Amino acid sequence: MIDLKFYFSLFLRRLHYFLIVLTLGTVVGLTLAWMLPPVYKAEARLVVESEQIPDELAASTVQVAATEQLQIIEQRILTRDTLIEMANRLQIYAPAPGQPSRRLEPDEIVEDLRERISIVTTGGAQSRGTAQATIVRVGFEAPTAQLAAAVTNEVVTLILRENISMRTTVAGQTLEYFIQEVARLDRELASQGAAILAFKEANNEALPDSLDFRRSQQAAAQERLLLIERDEAILKDRRQGLVALYEATGRIAAPSADSLTAEARQLQALRDQLSQVLAVLAPQNPKVKMLESQIAALEKIVADQTAAAAPLAPAGEVLSPLDIQLADIDRQLAFLDNLKLQITAELEALRASIEATPSNAIALDTLERDYANTRAQYDAAVANKARAETGDTIEALSKGQRISVIEQAIAPREPTSPNRPLIAGAGIGLGFFAGIGLIVLIELLKGAIRRPADITARLGITPFATLPYLRTAGQVRRRRAIIGLGFALVLLAIPAGLWVVHTQVMPLDLLLNRMMQKVGLSGLFLPASSV
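Presented here is a report on the structure given in the accompanying data block. Note that the structure is predicted; figures quoted are calculated from it, not measured.

A few words now on the overall build of the protein chain. Counting secondary structure elements, the protein chain contains 14 helices and six strands. Put simply, the protein chain has 531 residues, and 30% of those count as buried. Accessible surface, the protein chain as shown: approximately 33200 Å² in total, 60% of it carbon and sulfur.

Right under this line is the structure:
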């Protein structure tokens, strides 16, 4: 059986310890609840709007998801330089009137601002085939309502500015890239075109597009060569026949009409025509005069041809008709030999060009293929440059995806923290359970005999009577003085010490937050630091 009366009497005997610890917890809780500065939190709401112009009509070149874009913006505005510049410009850490100034290190400022600035993104996902709007909540905690609203709106301004800067920068960089790419491909096209032109000029006689024409020229030259060889054989036979006839008969036949030149045949025809006309008309007739003038002109031409065909003879030597005809045949053979050499050279050039055509075709095809590939890249780059210009214009006019403000931050009327009733209640509860625990610990560690049952249980004897421990009047007074001093220390010294720490060493909220961070309970009772 548990002797509740006995344990209650022990509790009453140690009541002063319980009251001192309870008072200590209560005083600490009430002091903290009273001394901790208020923390105001202002909040603004933003929304990510979709493109103002449908992608089917004109698409922006900035293709970044809303959540990814917001994460990038958050990391950029929470950089060290940005936070320190904002703290100095808005004087976030300026001391309040009547409070001592305390200089914070840059690392402390950056860490504190990152804890106090909150950027929360909601929505932006697909729900049953319907896209949800992306909402951004921006908040800041400060010791004054005006500072909380000012810093929150400044963070909103930084988000909007960074969003515009990021999108216009990306669009501008995309446009600049395609401008450079188009210029590079244009220079490459010009270089490849010049190379193709130089190759065609260097191999003008051996290009594949003229192969059929050169083959037809080759066939025609070969046919001409056969005709010349046939004419040469005829002339050689004729020369041999003339020589054989002269040696056999001592004379030669009159030149046939086929051996006469065209001018000689025409001269003979005009002479025959003049003979016929003189039989009818008088010599003074204009027609007769015209025929005589034509005959005279042709006689001069025929005489020149005969003189050119006849070999030069020594002075005073007269050529025979055989020599004249042989000389004419030799002249024609020489002419045919010269013509054969020209045709043979032409055939050799055609053969060389035809043989070089396949390799030239391969080389030209490689050049033209490279040119076609570069041209396709150039056309694609020009099309992409046009789209990049459209995207840059869309971003410059803020017609693409953008972040707009739904609700600006205003100064809150009431502080959001600290939770003073919770802190005070926590202090009282902590003191209560700590006092109970202290009494239990004292009684467990103290092994003295307190009641007759303990004598019987430990010594095995039964006492006739027991007398309580009696204190003298001086002991009673000393005990009461010690208890009163303890209460005075708890009621006066502890609040005074906390006040000194708060004002001279470190603000209590910052100190408590650091202690809570070390034990992993940050934000349990207090929000982020409100220095």
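It is worth spelling out the pattern of salt bridges at this point. All told, the structure shown has 18 salt bridges when counted by the stated rule. As a salt-bridge pair, arginine 137 and glutamate 43 come within 3.4 Å of each other at their nearest N and O atoms. Pair noted here: arginine 137 is in strand E5 (residues 134–142) and glutamate 43 is in strand E1 (residues 40–49), with a separation of 94 residues, a long-range link. Judged by relative accessible area, glutamate 43 falls into the partly exposed class, the value being 38%. The structure contains a network of salt bridges with shared partners spanning Glu85, Arg89 and Glu154.

Applying the stated criterion to the full structure yields two aromatic pairs. Ring geometry for phenylalanine 432 versus phenylalanine 433: centroids 5.3 Å apart, planes at 85°, classification edge-to-face. Classification of phenylalanine 432 as partly exposed rests on a relative accessible area of 37%.

Our next topic: the sheet that holds strand E2 (residues 117–122). The sheet built from four strands is open, its strands ordered E2-E5-E1-E6 with antiparallel pairing. On the outer flanks of this sheet lie E2 and strand E6 (402–407), each paired with one strand and no other. Taking the axes of each pair of neighbouring strands and ignoring which way they run, one obtains an average angle of 25° across the sheet. Strand direction decides the pairing type here: E1 and E5, joined by nine bridges, are antiparallel.

Below, the discussion takes up the nonpolar core. Note that soluble globular proteins tend to have their nonpolar side chains buried in a common cluster. Ile77, Ile92, Leu113, Ile117, Val155 and Ile159 are the most contacted members of the largest nonpolar core, which has 37 residues in total. Counting residues per element, the ones that place at least two in this core are E1, helix H3 (66–77), helix H4 (80–90), helix H5 (106–116), E2, E5 and helix H6 (145–202). Listed in part, the twelve residues of the second largest apolar core include Leu242, Leu326, Leu333 and Ile343.

The next thing to look at is a nonpolar patch on the surface. There is a patch of nonpolar side chains on the surface, built from Phe432, Phe433, Ile436, Val440 and Leu444 and spanning about 500 Å² of accessible area. Examined against the element boundaries, phenylalanine 432 turns out to sit in helix H11 (residues 420–445).

This brings us to the side chain of glutamate 232. Note that glutamate 232 resides in helix H7 (residues 211–249). Given the relative accessible area of 8%, glutamate 232 is considered buried. Setting aside anything within four residues of it in sequence, one finds glutamate 232 in contact with Leu333, Leu336, Asp337 and Lys340.

Per the counting criterion, the structure on display carries two cavities of 30 Å³ or more. Roughly 30 Å³ of volume is contained in the second largest cavity. Every residue along the wall of the second largest cavity is listed here: Leu70, Ile73, Glu74, Ile119, Val136 and Ile159. For the lining of the second largest cavity, the element with the highest residue contribution is H3, accounting for three residues. For the lining of the second largest cavity, a count of residues per class yields five nonpolar, no polar and one charged.

Time to look at unusual backbone geometry. Non-glycine residue glutamine 91 carries a positive phi angle of around 55°. In this structure, glutamine 91 sits in the loop between H4 and H5.

All right, on to the pairing of E5 then. Along E5, seven of the nine residues are buried, which leaves the element largely enclosed by surrounding structure. Pairing between E2 and E5: six bridges, direction antiparallel. When the bridges of E5 are listed, threonine 121 appears paired with valine 136.

With respect to the helices, strands and loops of the structure, glutamate 181 is situated in helix H6. Residue class for glutamate 181 comes out buried when judged on its relative accessible area of 17%. At a separation of 2.5 Å, a polar atom in the side chain of glutamate 181 contacts the side chain of arginine 184.

To continue, consider the packing of H4 against H5. Here H4 crosses H5 at 90°, and the two axes come no closer than 9 Å. By the angle class used here, H4 and H5 are roughly perpendicular. Of the residues in H5, those in contact with Arg80, Leu83, Ile84 and Ala87 of H4 are Pro106, Asp107, Ile109, Val110, Leu113 and Arg114.

Calculation criteria
- Each chain has its residues counted from 1, following the order in which its sequence is written.
- Reporting in this predicted model follows two pLDDT cut-offs: at least 70 for local features of residues, and 80 or more for side-chain atom pairs to be given and counted; totals over whole chains, interfaces and linings ignore these cut-offs and use all residues.
- Excluded from the side-chain calculation are hydrogens and water; included are all heavy atoms of the structure.
- Helix numbers and strand numbers start at the N terminus; a helix is a DSSP run of H or I with at least 4 residues, a strand a run of E with at least 2.
- Burial classification: accessible surface area is computed with a 1.4 Å probe over protein chains only, and a residue below 20% of its type maximum counts as buried, one above 50% as exposed, and the rest as partly exposed.
- In short, Shrake-Rupley with a 1.4 Å probe defines the accessible areas, and a residue's cover is counted only from the protein chains shown.
- Salt bridge, as used here: a side-chain nitrogen of Lys or Arg that lies within 4 Å of a carboxyl oxygen of Asp or Glu.
- Pairing of aromatic rings covers Phe, Tyr and Trp, the last through its six-membered ring, and needs centres within 6.5 Å; plane angles under 30 degrees mean stacked, over 60 mean edge-to-face, and all others mean tilted.
- When DSSP locates at least two bridges between a pair of strands, those strands are taken to pair.
- For every element, the axis is a line fit to its C-alpha atoms; helices are fit only across the contacting stretch, and the angle between N-to-C directions ranges from 0 to 180 degrees.
- Residues enter a nonpolar core if they are buried and are Ala, Val, Leu, Ile, Met, Phe, Trp, Tyr or Cys, with the set joined through side-chain atoms within 4.5 Å.
- Patch rule: a residue counts if its relative accessible area is over 30% and it has no salt bridge; like charges are joined within 9 Å, and nonpolar side chains (Val, Leu, Ile, Met, Phe, Trp, Tyr) within 5 Å.
- Should any heavy atoms of two residues lie within 4.5 Å, those residues are considered in contact.
- Buried and open spaces are told apart on a 1 Å grid over the protein atoms alone, a cavity being a set of points where a 1.4 Å probe fits but cannot get out and a pocket being an open set with protein on both sides within 12 Å along at least five of seven lines. Residues with an atom within 4 Å of a point are the lining residues.
- Grid points are joined across faces, edges and corners, and a volume is the space filled by probe spheres set on the points.
- For this classification, the nonpolar set comprises Ala, Val, Leu, Ile, Met, Phe, Trp, Tyr, Cys and Pro, the charged set comprises Asp, Glu, Lys and Arg, and every other residue, Gly included, is treated as polar.
- Side-chain atoms alone can form a polar contact between residues adjacent in sequence; in general such a contact is a pair of N or O atoms within 3.5 Å, and within protein one must be able to donate a hydrogen while the other accepts it.
- By the definition adopted for this analysis, an angle is roughly parallel if under 35 degrees, roughly antiparallel if over 145, roughly perpendicular if from 65 to 115, and oblique otherwise.

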